[in-house]
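Below, each chain spelled out in residue letters.
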Amino acid sequence: MATSVYLSNPSVTINSVDLSDQCTAATITYNVEALENTAFGSTARTYTAGLANNSITVTLYQSYAGSETEASIYSLVGTTTTLVLKPASGAASATNPSYTLTGAYLESHTPINASLGELSTIDLTFTGGTLAKATS
Amino acid sequence: MYVIVSPRLGTPGDKFEPADDINVQALIDGGLISTDKPKKSSKVKEEPVEEK
């Protein structure tokens, strides 16, 4: 049985900036809203596709150094951008698909998220936009 | 014209061509790219050959 283990080198690019080495978690939610179209005479609820409502959440180590997390993220709040995620850093292929979320909106960011004795991390959620999958 | 400053976007000094929906202003604000002209590659003179 083949499984995917995310221990080594997934690829996370936000607004063209490769932040893979600051990222510890990433989730793509590919969602198309369900619109109920059940009617009289139906024996079970039925649904049809509504609007896509995609999102990507990432967890990044915070860093205030040049070209690092804060420099890459802070000015994205309140704007839309493009994210590209792949299971591995190599070229996109059938076994390493590339997922691109275009027009994703970043609503909030926590520039300081600190706890005593822990590395500072930030959780970002990019919502909306169009998700495309590429295998080449 | 934009030039890559941070290696997180590519090779520093190379021209940066933003794809659609890339927030260029955020990259400039973060110091990841600049609006300078790309630097020309330095010419390396060949070592002169001494005549024996």
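Residues numbered from 1 in each chain as written. Chains lettered and ligands numbered in written order. Predicted model: local features only at pLDDT ≥ 70, side-chain atom pairs only at ≥ 80, totals over all residues. Heavy atoms only, no water.

(A) Inspection of the nonpolar core at higher detail. Ranked by internal contacts, the top residues of the largest apolar core, which has 28 residues, are Ile 14, Val 58 and Leu 60 of chain A. The contacts of Ile 14 of chain A, once residues within four sequence positions are left out, are Leu 19, Val 58, Leu 60, Ile 73, Leu 76, Thr 82, Leu 83 and Phe 126 of chain A. (Core = buried A, V, L, I, M, F, W, Y, C linked by side-chain atoms within 4.5 Å. Buried < 20%, exposed > 50% of the residue type's maximum accessible area, 1.4 Å probe, protein only. Contact = heavy atoms within 4.5 Å.)

(B) Just unusual backbone geometry, in detail. Phi is positive for Ser 16 of chain A, close to 75 degrees, though the residue is something other than glycine. Relative to the elements of secondary structure, Ser 16 of chain A occurs in the loop between β1 (11–14) and β2 (17–18). Note on Ser 16 of chain A: relative accessible area 23%, which makes it partly exposed. Its identity is not glycine, yet Asp 21 of chain B carries a phi of approximately 70 degrees, on the positive side. As for its placement among the helices and strands, Asp 21 of chain B is situated in the loop between β2 (15–16) and α1 (24–29). (Helix = DSSP H or I, 4+ residues; strand = E, 2+ residues; numbered from the N terminus.)

(C) Representation of the environment of Leu 116 of chain A within the structure. With respect to the helices and strands, Leu 116 of chain A occurs in the loop between β8 (98–106) and β9 (121–127). Separated by 44 residues in sequence, Leu 116 of chain A and Ser 72 of chain A have C-alpha atoms that sit 25 Å apart.

(D) Fine view of the interface of chain B and chain A. The interface of chain B with chain A comprises 13 residues on the first partner and 20 residues on the second. Across the interface of chain B and chain A, roughly 1,300 Å² is buried in total on both sides, 44% from carbon and sulfur atoms. Area buried by chain B at its contact with chain A is led by Arg 8, Asp 21 and Asn 23 of chain B, which between them contribute 52% of it. At the junction of chain B with chain A, the criterion picks out two salt bridges. (Buried area = accessible area lost by both parts, 1.4 Å probe. Salt bridge = Lys/Arg side-chain N within 4 Å of Asp/Glu carboxyl O.)

(E) Inspection of the environment of Leu 60 of chain A at higher detail. Residue and element names in this part refer to chain A. Within the secondary structure, Leu 60 sits in strand β6 (residues 55–61). Residues Leu 60 and Tyr 99, 39 residues apart in the sequence, show an inter-C-alpha distance of 19 Å. Once you skip the residues sitting within four places of it in the chain, Leu 60 turns out to touch Ile 14, Leu 19, Gln 22, Cys 23, Thr 69, Ile 73, Ser 120, Thr 121, Ile 122 and Leu 124.

(F) Just the sheet that holds strand β3 (residues 33–34) of chain B, in detail. All names here are of chain B. As summarised here, the arrangement of the three strands in space is β2-β1-β3, forming an open sheet in which the pairing is antiparallel. Of all the strands in the sheet, just β2 and β3 have a single pairing partner and so form its edges. As judged from the two bridges shared by strand β1 (residues 2–4) and β2, these two strands associate in the antiparallel manner. Directly across from Tyr 2, in β2, lies its bridge partner Phe 16. (Pairing = 2+ DSSP bridges.)

(G) Main features of the pattern of salt bridges. Scanning the entire structure with this criterion turns up four salt bridges over all chains. For Glu 36 of chain A, the salt bridge is made with Arg 45 of chain A, and the minimal N-O distance between the two is 2.4 Å. Residue class for Arg 45 of chain A comes out exposed when judged on its relative accessible area of 59%. A salt bridge links Arg 8 of chain B to Glu 68 of chain A, with the shortest nitrogen-to-oxygen separation between them at 2.5 Å. Linking Arg 8 of chain B in the loop between β1 and β2 with Glu 68 of chain A in the loop between β6 and α1 (69–73), this pair reaches from one chain into another. When sorted by exposure, Arg 8 of chain B lands in the same class as Glu 68 of chain A, which is buried. Linked by salt bridges that have partners in common, Asp 21 and Glu 68 of chain A together with Arg 8 of chain B make up one network.

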